Each structure stands twice: as C-alpha cells, then as structure tokens.
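# Tertiary structure, described
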Amino acid sequence: MNAHSSGEAIRLLRLAGGLGLTEFWAEGAGLAEGTTDAVRWARAAAVSAQQCAELAEAVSPEQESRVSSVRRAIHGFGQNTRPSSFGEAALRVWLMRRAGQRLVQLTHSDASGGADVEAPEELEQARGDEAAGARLGLYGRRVIGEATAQAQRVASHDSDLMAALTGAEPGSSAELASSTQLLAQLVEGCAQDMISLGLQA
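Residues numbered from 1 in each chain as written. Predicted model: local features only at pLDDT ≥ 70, side-chain atom pairs only at ≥ 80, totals over all residues. Heavy atoms only, no water.

The periodicity of an α-helix, 3.6 residues per turn, causes residues three or four positions apart to be oriented the same way. If you check which residues of helix α7 (residues 159-166) are buried, you get Leu161, Met162, Ala163, Ala164 and Leu165. Along its buried surface, α7 packs onto α1 (6-31), α3 (61-80), α6 (130-157) and α8 (173-196). One or two residues past the end of α7 sits Gly167, with phi positive at roughly 80 degrees. (Buried < 20%, exposed > 50% of the residue type's maximum accessible area, 1.4 Å probe, protein only. Helix = DSSP H or I, 4+ residues; strand = E, 2+ residues; numbered from the N terminus. Contact = heavy atoms within 4.5 Å.)

Below you can see the structure in the form of structure tokens.
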C-alpha cells in the first residue's frame, strides 16, 4: 500500500469495520425486546452485509491479508464487549459508527464522512433513567477501552496502514507520533459522544 493512499486505507477499514457492524447489528436484533426493533436491526445487518459484498469485489489478494488482520481485531473487540441488553448493543454500534466517521474526517480522506450519525432512540431514552444511564456509562467505558486496545494492536502490527492514514513514512518516528495522536483523537471523540448522551465517559 502506498504510504499516501489514505482513500484506499479507508476503504479497507470500511470493509473490515462493516463486517464487524454486520455481526453487531445481528447480535442486537437478538437482544431486541420487540419484533419491530428486531426486524429493523436484522434489516440493518442485511444492508451492511450487502455494502460489504460490494466493497469486497475490489479487494486484491494483498489487501485481503490486511482486511483479515483488522477483522481479527474487531472480532476480538466484539468478543470482549458482548452486550447484555438492547441498549448496550445500540451504544456499541453507535460508538463504532461514530468512530468510523470521525476517522474519515481526521485523515482527510478523499471519501466523505457523510452526515453525522445520530444517536438512536434506544440511547436517547436512557437520558431520563439514572440507573440505566449508569449501566450504559460503565459499558460504554468498557467499549472505548477495548476498542483502544485493539486499535493499538493494529497500529503496532501494521505501520504501512497507519502511515497511509497519517501520510507519514512507515516505521518512522513521525508515523508513531501521528498514529498515537490519531488514536488519542478517536478516543477523545468517543468520550465526547458519551458525554453528549449524558453518560459518564
């Protein structure tokens, strides 16, 4: 991967992240209490899967190994942040989508970040419930912590990918500094998203 192909890096991350989101949407559908919500989340999983299929058509064998590496990190993230309620499932999906959007914006990719991903109704309802808000806040901090750990693993094992995102020379001190700053900005963004919901970050 060319060190300056941030657009390509974003597309590969969108594929890996999209596959993760497909699993998370499906998992959330299983936690939904009502049929309407279950169907809505199942549809979201189907749409996400279709988008991933379209992105995968352009992936080369060399790129496949990079996608697989990120997928393994996202799978580990999913395993360590399994939600126990529909609200937790909604928070995990929302934080992941917001982080992906913010990554596009921070790396100045040729891809558009699109309109802001609004907080789903399931999370807005927690504003007036102190106990539910406390549980979601605790879970959200766990999600952010685990996402940070997995992102750091990817960054340490794939300097070419991080260089593509930051525009720095792979393996250089500038790449390390830029990668560290990028991850810090993503973590801070997630924390601010939590605060915007009235949850303790």
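Now for the packing of aromatic side chains. What the rule picks out here adds up to 3 aromatic pairs. Three or more aromatic residues link up through ring pairs in this structure, and these residues are Trp25, Trp41 and Phe86. (Phe/Tyr/Trp six-rings, centres within 6.5 Å; stacked < 30°, edge-to-face > 60°.)

A few words on the packing of α3 against α6. Close contact between α3 and α6 brings their axes to 9 Å; oriented N to C, the two are set at 155 degrees. The orientation of α3 with respect to α6, classified from their angle, is roughly antiparallel. For the crossing formed where α3 meets α6, the hand is right-handed. For the pair α3 and α6, contact is made by Val70, Ala73, Gly76, Phe77 and Asn80 and by Arg142, Val143, Glu146, Ala147, Gln150 and Val154, respectively. (Axes fitted to C-alpha atoms, helices over the stretch in contact; angles between N-to-C directions. Parallel < 35°, antiparallel > 145°, perpendicular 65-115°, else oblique. Left-handed = near helix turned anticlockwise from the far one by under 90°.)

In this section: the nonpolar core. Nonpolar side chains in soluble globular proteins generally cluster together in the buried interior. Counting 50 residues, the largest nonpolar core has Trp41 and Leu91 as the members making the most contacts within it. Among the elements of the structure, α1, α2 (35-56), α3, α4 (86-106), α6, α7 and α8 are those that each provide at least two residues to this core. Apart from the residues within four sequence positions on either side, Trp41 is in contact with Phe24, Trp25, Gly28, Ala29, Phe86, Ala89, Ala90, Val93 and Glu122. (Core = buried A, V, L, I, M, F, W, Y, C linked by side-chain atoms within 4.5 Å.)

What follows covers the layout of surface pockets. The computed volume of the largest pocket comes to approximately 1,300 Å³. Looking at the lining of the largest pocket, the elements with two or more residues in it are α1, α2, α3, α4, α6, α7 and α8. With 9 residues, α4 is the largest single contributor of residues to the lining of the largest pocket. Classifying every residue of the lining of the largest pocket by side-chain character gives 32 nonpolar, 10 polar and 3 charged. (1 Å grid on protein atoms, 1.4 Å probe; cavity = no way out; pocket = protein on both sides within 12 Å on 5 of 7 lines; lining within 4 Å. Points joined across faces, edges and corners; volume = space filled by probe spheres on them. Nonpolar A, V, L, I, M, F, W, Y, C, P; charged D, E, K, R; others polar.)

What follows is about the packing of α2 against α4. Two measures define how a pair of helices packs: the angle their axes make with one another and the distance between the axes. Packing of α2 against α4 brings their axes to within 13 Å, and their N-to-C directions diverge by 25 degrees. When the interaxial angle is binned, α2 and α4 end up roughly parallel. The crossing of α2 and α4 is left-handed. Contacts between α2 and α4 involve Asp37, Arg40 and Trp41 from the first element and Phe86, Ala89, Ala90 and Val93 from the second. Partitioning the contact of α2 with α4 into residue classes produces 5 nonpolar, no polar and 2 charged.

The next point concerns the environment of Gly28. Structurally, Gly28 can be placed in helix α1. Separated by 131 residues in sequence, Gly28 and Ser159 have C-alpha atoms that sit 33 Å apart. What Gly28 contacts, discounting residues up to four positions off in sequence, is Trp41, Phe86 and Ala89.

This paragraph deals with the side chain of Gln101. Structurally, Gln101 is set in helix α4. Polar side-chain contacts of Gln101 include one of 3.1 Å to the side chain of Arg98. (Polar contact = N/O pair within 3.5 Å; in protein donor to acceptor, adjacent residues only side chain to side chain.)

Taken as a whole and assessed by the stated rule, the structure comprises 6 salt bridges. Of the charged contacts in the structure, one is a salt bridge between Arg82 and Glu27, with a shortest N-O distance of 2.9 Å. Of this pair, Arg82 sits in the loop between α3 and α4 while Glu27 sits in helix α1, and the two are 55 residues apart along the sequence. Judged by its relative accessible area of 43%, Arg82 is partly exposed. Measuring nitrogen to oxygen at the nearest pair gives 3.0 Å for the salt bridge that ties Asp193 to Arg98. On the criterion of sequence distance, the pair formed by Asp193 in helix α8 and Arg98 in helix α4 is long-range, its members being 95 residues apart. (Salt bridge = Lys/Arg side-chain N within 4 Å of Asp/Glu carboxyl O.)

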